[in-house]
Amino acid sequence: MGSGIWCLSVTDRELLLRKFALSAGIAPSSLSPLGGDASFRRYYRAGSFIIADSPPDTQKNHEFLKIDKALANSGIRVPEIIKAD
């Protein structure tokens, strides 16, 4: 058996997730996957933050952000969205 470096394949989606984490000041190495649900969304914990990876081609992300803002403006407590892309 030869020696060498093992390389794991990284998908474009994973690269985007890492880039997003860095832009939010979160080290990609701190991302820890959480159990998901039956949708296309994936969730990660990074310290006290939760990152939701919600592919725009299958999820209604703009609508989610508008509803979140409307609820917050109505005085309903919702999780604070720190950054969205």
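To be clear, the structure that these remarks concern was listed above.
Residues numbered from 1 in each chain as written. Predicted model: local features only at pLDDT ≥ 70, side-chain atom pairs only at ≥ 80, totals over all residues. Heavy atoms only, no water.

Novice: Just to check I follow, could you spell out the side chain of Asp-53 for this structure?
Specialist: Positionally, Asp-53 belongs in strand β3 (residues 49–53). Setting aside anything within four residues of it in sequence, one finds Asp-53 in contact with Arg-13, Phe-40, Arg-41, Arg-42 and Tyr-44. (Helix = DSSP H or I, 4+ residues; strand = E, 2+ residues; numbered from the N terminus. Contact = heavy atoms within 4.5 Å.)

Novice: Looking at this structure, how should I read the sheet that holds strand β2 (residues 42–46)?
Specialist: The strands making up a sheet associate through hydrogen bonds between their backbones, and the pairing can be parallel or antiparallel. On the basis of which strands lie adjacent, the open sheet formed by three strands has the order β1-β2-β3 and antiparallel pairing. Each edge of the sheet is formed by a strand with only one pairing partner; in this case those strands are β1 (32–34) and β3. Ignoring which end each strand starts from, the neighbouring axes of this sheet average 35° apart. Pairing of β1 with β2, which is carried by three bridges, proceeds in the antiparallel orientation. Across the sheet, residue Leu-34 finds its bridge partner in β2, namely Tyr-43. The strands touched by helix α1 (residues 12–23) within the sheet are β2 and β3, with β3 carrying the most contacts at an inclination of about 145°. (Pairing = 2+ DSSP bridges. Axes fitted to C-alpha atoms, helices over the stretch in contact; angles between N-to-C directions.)

Novice: What am I meant to see in α1 here?
Specialist: Structural remark: α-helix, 3.6 residues per turn; residues separated by three or four positions point the same way. If you check α1, its first and last C-alpha atoms are 17 Å apart, about what 12 residues at 1.5 Å a residue would give, namely 16 Å. Taken residue by residue, α1 has Leu-17, Phe-20 and Ala-21 as its buried positions. Projection of α1 onto a plane perpendicular to its axis shows the buried side chains occupying an angular sector of 100°, all on one side. Of the residues in α1, the exposed ones pointing more than 90 degrees away from the buried face are Asp-12, Leu-16, Lys-19 and Leu-22. On its buried side, α1 packs onto β2 and β3. Looking one or two residues beyond α1, the residue adopting positive phi is Gly-25, at roughly 80°. (Expected span 1.5 Å × (residues − 1). Buried < 20%, exposed > 50% of the residue type's maximum accessible area, 1.4 Å probe, protein only. Arc of directions from axis to C-beta.)

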